[in-house]
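Chain and residue survey
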Amino acid sequence: FYFDYPINTADSTNNVPGILYGRYEGDTYAGGNPWILTTASLAQLFYRGATNFIGQNEVPHPDSLENWQKIFLRLNKSYHSIDDLKGYSPLQFSRLVTDTGDAVLDRIRYHTQSSGFHLSEQLDKTSGEELSATDLTWSYATVLK
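Notes on the structure follow. Because the structure is a prediction, the values reported are computed rather than measured. (Residues numbered from 1 in each chain as written. Predicted model: local features only at pLDDT ≥ 70, side-chain atom pairs only at ≥ 80, totals over all residues. Heavy atoms only, no water.)

1. Quick look at the overall build of the chain
- A count of helices and strands for the chain gives six helices and two strands.
- Reading the helices (α) and strands (β) of the chain from amino to carboxyl end gives α-α-α-α-α-β-β-α.
- For a compact globule of 145 residues, the expected C-alpha radius of gyration is about 15 Å, and the chain comes in at 16 Å, within 12% of that figure.
- Across the 145 residues of the chain, 44% fall into the buried class.
- For the chain, contacts bridging at least 24 residues in sequence account for 54% of all contacts bridging at least 6.
- Measuring between centres, the 11 positive side-chain charges of the chain sit 2 Å from its 17 negative side-chain charges. (Helix = DSSP H or I, 4+ residues; strand = E, 2+ residues; numbered from the N terminus. Rg over C-alpha atoms; globule rule 2.2 N^0.38 Å. Buried < 20%, exposed > 50% of the residue type's maximum accessible area, 1.4 Å probe, protein only. Contact = heavy atoms within 4.5 Å. Lys, Arg positive; Asp, Glu negative; His and termini not counted. Charge placed at Lys NZ, Arg CZ, Asp CG, Glu CD.)

Now the structure itself:
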């Protein structure tokens, strides 16, 4: 979704961390915009992953570290060499994954602070303005979860 929504590249250019995420590729409902619900769910996924790395006392397989490196760089502008990632403890790696979840929520915060943090269903894919249903319960529940 990074390149599907112009707001993602604009935000990254303006040093706003994170990413806005959609329902599925090719979604056309109400213009096919990123959703607060799915974006917050992505943050939850990072938090669960971080907890898992600590709980299992292991870091990801070395074959996946290049993907993690790209995620950390794109979502929280944090560069880590593959050698550095290989040397991180589960706690250190978990901290990076947690920071990435925080970055995703930071992007939601960035786009909702002007409305007093009211959470709508969607954010416009070009401007980042809130769209569709307002004060949507499932958006609040997912952000707070």
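2. Considerations on the environment of G31
- Looking at the element boundaries, G31 is found in the loop between α1 (6-13) and α2 (36-55).
- The spatial distance from the C-alpha of G31 to the C-alpha of D124 is 8.5 Å, given a sequence separation of 93 residues.

3. Remarks on the packing of aromatic side chains
- Throughout the structure, instances matching the rule amount to ten aromatic pairs.
- Plain terms: the ring middles of F72 and F93 are 5.6 Å apart, the flat faces sit at 65 degrees to each other, and that makes the pair edge-to-face. One end of the pair, F72, is in helix α3 (residues 65-76); the other, F93, is in helix α5 (residues 90-112), and 21 residues separate them in sequence. For the pair F72 and F93, one class covers both residues: buried. (Phe/Tyr/Trp six-rings, centres within 6.5 Å; stacked < 30°, edge-to-face > 60°.)

4. Focus on the nonpolar core
- Counting 17 residues, the largest nonpolar core has F46, W68, F72, L85, F93, V97 and V104 as its most contacted members.
- For this core, the elements supplying multiple residues, two or more each, are α2, α3 and α5.
- With five residues, the top contributor of residues to this core is α2.
- Within the second largest apolar cluster, eight residues are counted, among which are L20, A40, L119 and L123. (Core = buried A, V, L, I, M, F, W, Y, C linked by side-chain atoms within 4.5 Å.)

5. Section: the environment of D83
- Relative to the helices and strands, D83 is located in helix α4 (residues 82-87).
- With 45 residues separating them along the chain, D83 and G128 place their C-alpha atoms 36 Å apart.

6. What about the packing of α2 against α5?
- Viewed as axis vectors pointing N to C, α2 and α5 meet at an angle of 165 degrees, and their least axial separation amounts to 8 Å. Considering the angle they form, α2 stands roughly antiparallel to α5. For the crossing formed where α2 meets α5, the hand is left-handed.
- Taken together, the residues that form the contact of α2 with α5 break down as 16 nonpolar, eight polar and one charged. (Axes fitted to C-alpha atoms, helices over the stretch in contact; angles between N-to-C directions. Parallel < 35°, antiparallel > 145°, perpendicular 65-115°, else oblique. Left-handed = near helix turned anticlockwise from the far one by under 90°. Nonpolar A, V, L, I, M, F, W, Y, C, P; charged D, E, K, R; others polar.)

7. Considering the packing of α3 against α5
- Interhelical geometry of α3 versus α5 gives an angle of 40 degrees and a closest axis separation of 9 Å. The orientation of α3 relative to α5 falls into the category oblique. Of the two possible hands of crossing, α3 and α5 adopt the one that is left-handed. Within the contact between the two elements, α3 uses L65, W68, I71, F72, L75 and N76 and α5 uses F93, L96, V97, D99, T100, A103 and V104.

8. A look at α3
- With twelve residues, α3 ought to run about 16 Å at 1.5 Å a step, and its terminal C-alpha atoms sit 16 Å apart, in line with that.
- For α3, the set of buried residues is L65, W68, Q69, F72, L75 and N76. All buried residues of α3 fall inside an arc of 160 degrees around its axis, so they share one side.
- Residues of α3 that are buried in the fold lie against α2, α4 and α5.
- Remark: K77 follows α3 within two positions and exhibits a positive phi of approximately 50 degrees. (Expected span 1.5 Å × (residues − 1). Arc of directions from axis to C-beta.)

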